[in-house]
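Structure assessment
The lines below spell out each chain.
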Amino acid sequence: MQTVVAKNSAAALTRRDGDRLSLPPTFFDVGPTRELTLDQFECLAIDRLQLLRSIEMLKARGFEDKELAGKIREAEKKHIRAASKSSSVYAGLSDSERDCASHFILRLAYCRTEDLRRWFLAQETLLFKTRLEYLTDDEKQDFMAHNGLHFKAVSNEDKNAREHKLKGLSGVNENNFYATVFYEVPFLEALQLIAPRQVYLERGKAYIPFNRLLNIITVRFRQNLSHALTVASTCFDGMTSGDVRILPFLKNMSKQFIGSDFSQRTAQSSVDKLTSPEQVAAAAAVHFPLCMRHLHNGLLKDHKLKHWGRLQYTLFLKGCGMDLDGAVAWMQAQFTQVMSTDQFVKTYAYSFRHMFGKEGARRNYTPYSCMKIIMGNPPEPGAYHGCAFKHAPDSVLVNLLTQEKLAPDSIREIVALAKQGSAAAVAAGAGAMSYQLACQRHFDVTHPDHLVVLQSADARSEAVAQHPNQWFQASVQYHRLKSGAAAAAAPAASTAMAVDETPAVAV
């Protein structure tokens, strides 16, 4: 199968970042020439999808522009550059080849609907802008020349004649005015710079300082990519009909869960697991994501769960490290408050053993990912399963967040994020991100400074909105590390009196 690898001359624009090269910006406007194996095709797509989803999550956290750019570059190194060094699948592929091939694979996967195109366009545009801003002024000039971006530089004579008009634009002042290069750009290409008064307009022309010209280049990239996605959408069936192996993969790309499936309970540290029924109530109050807390509250209220709720909740406990005996003991203790033990054993015990692979086909069922929960069966009246940010009524969602004593502003922010997903977008797999953004923001609010706390232990919290068990694991590690830091900072006399008698899961 042939895919795209650009030969753009801008690929020569590479810079050192410590011992690593930073990938250059490119318009991705050159056709493919490189052959890929099926494994390479799939791995490249997954790596880029991880990068774009990370960018989406980072945007939602409200970082300042400079800090956001740094975070995006870190994500790029992790998902694009570091992945190539740790996998033999990419042998023989250069960084620029992998970058371009992965872009075109996802361009094909995300061209099918308007919502998918909009999502892909937003993340790729921000990635392009970040890469462009990292170039030096000379490299930016080279990039413009290599890509045919010929903007008319304003002569010194014209610049001096408009000196009093140009000073004050985007950091231009008395000290740097004469060293600043200005460009003359058609009015329509500078629309986004007019409202914030970052350009000077005269006779249909916008006079723009060089540092603001990046916005114009970024708009050009977005326009080109938008057009390319529209064209690709008309050719999707023809391009994918030749190989039935990649068609399902591409169609389901937007719904892919990336990460651990939490099927191996032994992979978790013993202090990060639920090992007994006695720990469930305490862990639910601190470490359960909202969807599982809603199920947990429903179980305590009704002392039973309907079919999809039992699946979602029990498999989550399984992913948290609880074995079959512990899960059955916990569920039996709840169910038998409204039924006899014999009725529980006859009606429900088999299904729990089946979830753990002890009955039927003896299949090892994995805990539900966020995408599976969001796209799954909606809860009927009296049921508690599903995604709280998608399926719970506004009043229930607000009540759940209020129970956690969150600030009213934080509650309004989380609810607003949850309500951004349209039914059409969710059906296509793109709108689900709004619910995951709300979930990620919920984690941010309830775990202050988690990026700093968990980074010190090389733990992950940037993907908690991808899987409920990722949330649980990150929350347990966060509270354990915070408790350890607090104990270390306390006076020796005080710590000697405060003996930690918490169970295996830090609550």
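Here the structure is shown first, and the text comes after it.
Residues numbered from 1 in each chain as written. Predicted model: local features only at pLDDT ≥ 70, side-chain atom pairs only at ≥ 80, totals over all residues. Heavy atoms only, no water.

1. Observations regarding the environment of Thr341
- With respect to the helices and strands, the residue Thr341 is situated in helix H15 (residues 341-355).
- When sequence neighbours within four positions are dropped, the list of residues in contact with Thr341 reads Gln332 and Thr336. (Helix = DSSP H or I, 4+ residues; strand = E, 2+ residues; numbered from the N terminus. Contact = heavy atoms within 4.5 Å.)

2. Concerning the pairing of strand E8 (residues 205-209)
- Across the five residues of E8, four count as buried, placing the element largely inside the fold.
- Relative to E8, strand E6 (residues 182-186) runs antiparallel, the two sharing five bridges. Paired with Tyr183 across the two strands is Ile208, which belongs to E8.
- The pairing of strand E7 (residues 200-202) with E8 spans three bridges and is classified as antiparallel. Each bridged residue has a counterpart across the sheet, and for Leu201 the counterpart in E8 is Ala206. (Buried < 20%, exposed > 50% of the residue type's maximum accessible area, 1.4 Å probe, protein only. Pairing = 2+ DSSP bridges.)

3. Focus: the layout of surface pockets
- Taken as a whole, the second largest pocket spans an internal volume of roughly 500 Å³.
- If you go around the second largest pocket, you meet 19 residues; those closest to its centre are Asp65, Ala69, Lys129, Glu133 and Arg212.
- Contributing elements (two or more residues each) for the lining of the second largest pocket: helix H2 (65-86), helix H4 (114-134), helix H5 (137-146) and helix H9 (213-240).
- Partitioning the lining of the second largest pocket into residue classes produces six nonpolar, six polar and seven charged. (1 Å grid on protein atoms, 1.4 Å probe; cavity = no way out; pocket = protein on both sides within 12 Å on 5 of 7 lines; lining within 4 Å. Points joined across faces, edges and corners; volume = space filled by probe spheres on them. Nonpolar A, V, L, I, M, F, W, Y, C, P; charged D, E, K, R; others polar.)

4. Topic: the packing of helix H13 (residues 307-319) against helix H14 (residues 324-335)
- One can describe the packing of H13 onto H14 by two numbers: an axis separation of 10 Å at closest approach and a directional angle of 140°. Between H13 and H14, the crossing angle belongs to the class labelled oblique. H14 is crossed by H13, and the crossing has right-handed handedness. Here Arg310, Tyr313, Thr314 and Leu317 of H13 lie close against H14, whose contacting residues are Ala327, Trp330, Met331 and Phe335. (Axes fitted to C-alpha atoms, helices over the stretch in contact; angles between N-to-C directions. Parallel < 35°, antiparallel > 145°, perpendicular 65-115°, else oblique. Left-handed = near helix turned anticlockwise from the far one by under 90°.)

5. Some thoughts on the packing of aromatic side chains
- Across all of its chains, the model carries 18 aromatic pairs by this definition.
- Ring pairs connect the aromatic residues Phe27, Phe128, Phe143 and Phe221, which therefore count as one cluster.
- Positioned over the ring face of Tyr90 is Arg98, at 5.6 Å from the centre of the ring. (Phe/Tyr/Trp six-rings, centres within 6.5 Å; stacked < 30°, edge-to-face > 60°. Lys NZ or Arg CZ within 6 Å of the ring centre and 35° of its normal.)

6. Some details on a nonpolar patch on the surface
- A grouping of Phe187, Leu188, Leu191 and Leu201 is seen on the molecular surface, where their side chains present a nonpolar patch of about 370 Å² in accessible area.
- In this structure, Leu188 sits in the loop between E6 and helix H8 (191-194).
- Note on Leu188: relative accessible area 66%, which makes it exposed. (Patch = residues over 30% accessible without salt bridge, like charges linked within 9 Å, V, L, I, M, F, W, Y side chains within 5 Å. Areas by Shrake-Rupley, 256 points an atom, 1.4 Å probe, with all protein chains shown as cover. Salt bridge = Lys/Arg side-chain N within 4 Å of Asp/Glu carboxyl O.)

7. Some points on a negative patch on the surface
- On the surface, Glu64, Asp65, Glu67 and Glu133 cluster together into a negatively charged patch.
- Counting through the fold element by element, Glu133 comes out in helix H4.
- A relative accessible area of 38% means that Glu133 is categorised as partly exposed. (Lys, Arg positive; Asp, Glu negative; His and termini not counted. Charge placed at Lys NZ, Arg CZ, Asp CG, Glu CD.)

8. Details of H9
- The end-to-end C-alpha separation of H9 is 38 Å, in line with the 40 Å expected for 28 residues at 1.5 Å each.
- A bend of about 55° at Thr234 is the largest found in H9. (Expected span 1.5 Å × (residues − 1). Bend = angle between axes of the 7 residues up to and from the residue.)

9. Overview of the pattern of salt bridges
- If you walk through the whole model with that rule in mind, you get 19 salt bridges.
- Among the ionic pairs, Glu97 bridges to Arg34, the shortest N-O distance being 3.0 Å. Of this pair, Glu97 sits in helix H3 (residues 95-109) while Arg34 sits in strand E4 (residues 34-35), and the two are 63 residues apart along the sequence.
- Linking Arg131 and Asp99 is a salt bridge whose minimum nitrogen-to-oxygen distance equals 2.9 Å. Taken together, the residues span a long stretch of sequence, with Arg131 in helix H4 and Asp99 in helix H3 at a distance of 32 residues. Per residue, the accessibility class of Arg131 equals that of Asp99, and both read buried.
- Look at the salt bridges and you will find they share partners, linking Arg48, Glu76, Asp99, Glu124 and Arg131 into a network.

10. Section: the packing of helix H1 (residues 38-60) against H3
- Contact geometry of H1 with H3 gives a least axis separation of 8 Å together with a crossing angle of 85°. Put simply, H1 runs roughly perpendicular to H3. Each of Phe41, Leu44, Ala45, Arg48, Leu49 and Leu52 in H1 lies in contact with H3, whose residues at this interface are Arg98, Asp99, Ala101, Ser102, His103, Ile105 and Leu106.
- Of the residues belonging to the contact of H1 with H3, the class tally is eight nonpolar, two polar and three charged.

11. Section: the pairing of E6
- Extensive coverage of E6 is indicated by the burial of four of its five residues.
- Here two bridges tie strand E5 (residues 152-153) to E6, and the two strands are oriented antiparallel to one another. In the sheet register, Ala153 faces E6, and the bridge partner there is Tyr183.

12. With respect to the side chain of His447
- Relative to the assigned elements, His447 resides in the loop between helix H21 (432-446) and helix H22 (450-455).
- Owing to a relative accessible area of 1%, His447 belongs among the buried residues under this scheme.
- Only 2.9 Å separates the side chain of His447 from the side chain of Thr446, close enough to count as a polar contact.
- Look past the residues within four positions of His447 in its chain and what remains in contact with it is Trp471, Ser475, Tyr478 and His479. (Polar contact = N/O pair within 3.5 Å; in protein donor to acceptor, adjacent residues only side chain to side chain.)

13. Regarding the nonpolar core
- In this structure, Ile217, Phe288, Tyr313 and Phe389 are the most contacted members of the largest nonpolar core, which totals 124 residues.
- If we skip the residues at most four places from it in the chain, Ile217 touches Phe27, Phe128, Leu132, Phe143, Met144, Leu149 and Phe151. (Core = buried A, V, L, I, M, F, W, Y, C linked by side-chain atoms within 4.5 Å.)

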